[in-house]
Amino acid sequence: MNVTLAVKQYISKMIESSGPGMKVLLMDKETTSIVSVVYTQSEILQKEVYLFERIDSQNRDNMKHLKAICFLRPTKENVEHLIQELRRPKYSVYFIYFSNVISKSEIKALAEADEQEVVAEVQEFYGDFIAVNPHLFSLNLQGAHCEFFLLLALKKCPMIRYQLSSDMSKRLAESVKQIITKEYELFDFRKTEVPPLLLILDRSDDAITPLLNQWTYQAMVHELLGLNNNRIDLSRVPGISKDLREVVLSAENDEFYANNLYLNFGEIGTNIKNLMEDFQKKKPKDKQKLESISDMKAFVDNYPQFKKMSGTVSKHVTVVGELSRLVSERQLMEVSEVEQELACQNDHSSAQQNVRRLLQNPRLSETDAVRLVMLYALRYEKHSSSILPSLMEELSRKGVSERHRKMVQSVVEYGGKRVRGSELIAPTDAVAITKQFFKGLKGVENVYTQHQPLLHDTLDQLIKGRLKDSQFPYLGPSSLRDRPQDIIVFIIGGATYEEALTVYNLNRTMPGVRIVLGGTAIHNTKRSPLCLIQEGSRLQSDISPRMAFM
């Protein structure tokens, strides 16, 4: 199961179906994102696609020598744009592909608009999701219905288990089942000896994981810089050059990124350092010391030929350099240490002292201050000696806005003990967990990586056949008798890169098991506190049969 490959195959099939000749790819905002994360522009150019346009663009020229490949979501707006396009066609012929189901009435409206008979083909290609990594997908939805077609893209007709403590999980499970039953012809795939399994979870069962700082490369980039459809905005980085104001990080087209995706910060710095030292061996004159990330940045600036020869590495030096600057500026090692203590250990006396000490640090950002108090509130919600009121006063004295202070109580209402179906932190954890350190480049050592998301335990129990039916029942009378092989996990309320790393490691270490993880979005701590709360209420009304199309 590879979601990246599934989308690439759809796009390749679209282009090949149009035959030889010059082509334009006509997309909307969402399908532009879907395509851009799996294909570079240069790759598509090799397939005779020479122009990329938006269906809502008003300034497109007539180019009758081009064939148009339209890849669009079947929204009312897109259908209307397409009707106007067909009434006055700008291209010679149109191959139209919708990313999910389009109604018969809309097909009829398109046919009536096609008076010049320029439409050669209309099909549904079920690729209505962002393939972030081969085993990770996101719906990337902002206030829209959760319509997605992953099951159809992967050609899976699964058995379904859901989180019993979540009404939303049950409703989504029922919606998926309803659609599979109704559209049984679409789901008529070759039967496998062990049926695939769809496991539907609710983010509220583990509100802690999205609030933690991360220390692997992809997760750090998303956390500190923001990774949006494989693109990073570096325009605010001090002294950034023009060509690096926006960079693309894609494991499909960047070997260094692919090899370092899940490595920790120290290892990444070491790997860049080794690459540069190899270059220096070829240029023995003026050998520079490469003891720190700042040394590396200076090296790239001083050797233009290295930058030209290895633009990929200079890009990563810039990204790692900015990550290092932000870690230092925000004192994230110290913050992360306390976060890990809150998430993994059971020493209230130490935790409350450390949180209070950090809150009194003038260099602590508002975001980090609120997150620490949120973690404390979730962790020691029912503790007899809770100092939460005192910490809230500390936030107020620190000048934290009322809006952000209110989010502390909101996140407890969203993911507190009253809501959770599982116990996030067992009393034995304090004894069982030993502090782990990773050591790498100077300035990036002794960062805690103790925490494992609840998903790790859930999947481990599932694979071993120990996941309790009383907590995660099957929908319907049937159940799996054998160890599951193909597992699709969907988290209502969004997934995290820490959970993606868990899935990556399980895929690596569990022969015969293939897991894909997805969610309504991919969280980082900039978006998670507010979005956890907002999505919790929005999804209550958004879950419908339409959401069930995967």
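Because the structure is predicted, anything quoted here is derived from the model rather than measured.

**Remarks on the overall build of the protein chain**
No. 1: Secondary structure summary: the protein chain contains 22 helices and 13 strands in total.
No. 2: Expressed as a percentage of the 550 residues in the protein chain, the buried residues total 56%.
No. 3: Of the contacts formed within the protein chain by residues at least 6 apart in sequence, a portion of 79% connects residues at least 24 apart.
No. 4: By element, 47% of the accessible surface of the protein chain is carried by carbon and sulfur atoms, the whole surface being about 24800 Å².

**A closer look at the packing of helix H20 (residues 454–463) against helix H21 (residues 497–509)**
No. 1: Between H20 and H21, whose axes approach to 9 Å, the crossing angle comes to 30°. Classified by the angle between their axes, H20 and H21 sit roughly parallel to one another. By crossing handedness, the relation of H20 to H21 is classed as right-handed. In this structure, H20 uses Leu 455, His 456 and Leu 459 to contact H21, whose residues at the interface are Glu 499, Thr 502, Val 503 and Leu 506.
No. 2: A per-class count over the contact of H20 with H21 returns 4 nonpolar, 2 polar and 1 charged.

**Overview of the packing of aromatic side chains**
No. 1: In the structure shown here, the tally under the stated rule is 8 aromatic pairs.
No. 2: Seen in terms of ring centroids, Phe 129 and Phe 137 are 5.9 Å apart; in terms of plane orientation they differ by 70°. Their pairing is edge-to-face. Residue Phe 129 shares its accessibility class with Phe 137, and that shared class is buried.
No. 3: For the ring pair Phe 137 and Phe 490, a centre distance of 6.2 Å and an interplane angle of 20° mean the geometry is stacked. In this pair, Phe 137 sits in strand S7 (residues 136–138) while Phe 490 sits in strand S12 (residues 486–492), placing the two residues 353 residues apart along the sequence. Across the pair, exposure class does not vary: Phe 137 and Phe 490 are buried alike.
No. 4: By way of ring pairs, the aromatic residues Tyr 10, Tyr 97 and Phe 125 are connected into one cluster.

**Let's talk about the sheet that holds S7**
No. 1: The strand order across the open sheet built from 6 strands is S6-S7-S13-S12-S9-S8, with neighbouring strands paired in mixed fashion. In this open sheet, the two strands that pair with only one neighbour each are strand S6 (130–133) and strand S8 (159–162). If you compare each strand with its neighbour and ignore which way they point, the axes differ by 25° on average.
No. 2: Here S6 runs beside S7; their pairing, made up of 3 bridges, is antiparallel.

**Things to note about unusual backbone geometry**
No. 1: Backbone geometry places Glu 48, a non-glycine residue, at a positive phi of 70°.
No. 2: Look at Glu 48 and you get partly exposed, because its relative accessible area is 29%.
No. 3: In this model, Lys 155 sits at a positive phi of 60°, which is unusual for a non-glycine residue.
No. 4: Tracing the chain through its elements places Lys 155 in the loop between helix H6 (150–153) and S8.

**Considerations on helix H4 (residues 76–87)**
Working note: α-helix, 3.6 residues per turn, so residues spaced by three or four point in the same direction.
No. 1: Given a rise of 1.5 Å per residue, 12 residues ought to cover 16 Å, and the 17 Å separating the end C-alpha atoms of H4 matches this to within 8%.
No. 2: Along H4, the positions that sit buried rather than exposed are Asn 78, Val 79, Leu 82, Ile 83, Glu 85 and Leu 86. The buried residues of H4 all sit within an arc of 160° when viewed along its axis, so they share a single face. Those residues of H4 that are exposed and angled more than 90 degrees off the buried face are Lys 76 and Glu 77.
No. 3: Where H4 is buried, its residues contact strand S1 (23–27), strand S3 (67–72), strand S4 (93–98), helix H5 (104–113) and strand S5 (119–124).

**Looking at the sheet that holds S3**
Picture the strands of a sheet paired through backbone hydrogen bonds; they go either parallel or antiparallel.
No. 1: Read from one edge to the other, the open sheet built from 5 strands follows the order S2-S1-S3-S4-S5, with strand pairing classed as parallel. Each end of this open sheet is capped by a strand with a single partner; those strands are strand S2 (49–54) and S5. On average, each strand axis in the sheet is inclined to that of its neighbour by 15°, with strand direction left out of account.
No. 2: Of the strand pairs in this sheet, S1 and S2 are connected by 5 bridges, and their pairing is parallel. Looking across to S2, one finds that Leu 25 is bridged to Phe 52.

**Quick look at the packing of helix H16 (residues 366–379) against helix H17 (residues 388–397)**
Two numbers describe a pair of packed helices, the interaxial angle and the distance between the axes.
No. 1: Contact geometry for H16 and H17: axes closest at 11 Å, N-to-C directions at 170°. When the axis of H16 is compared with that of H17, the two are roughly antiparallel. On H17, the residues touching Ala 369, Val 370, Val 373, Tyr 376 and Ala 377 of H16 are Leu 388, Leu 391, Met 392 and Leu 395.
No. 2: Counted by class, the contact of H16 with H17 contains 9 nonpolar, no polar and no charged residues.

Criteria and cut-off values
Residues numbered from 1 in each chain as written. Predicted model: local features only at pLDDT ≥ 70, side-chain atom pairs only at ≥ 80, totals over all residues. Heavy atoms only, no water. Helix = DSSP H or I, 4+ residues; strand = E, 2+ residues; numbered from the N terminus. Buried < 20%, exposed > 50% of the residue type's maximum accessible area, 1.4 Å probe, protein only. Contact = heavy atoms within 4.5 Å. Areas by Shrake-Rupley, 256 points an atom, 1.4 Å probe, with all protein chains shown as cover. Axes fitted to C-alpha atoms, helices over the stretch in contact; angles between N-to-C directions. Parallel < 35°, antiparallel > 145°, perpendicular 65-115°, else oblique. Left-handed = near helix turned anticlockwise from the far one by under 90°. Nonpolar A, V, L, I, M, F, W, Y, C, P; charged D, E, K, R; others polar. Phe/Tyr/Trp six-rings, centres within 6.5 Å; stacked < 30°, edge-to-face > 60°. Pairing = 2+ DSSP bridges. Expected span 1.5 Å × (residues − 1). Arc of directions from axis to C-beta.

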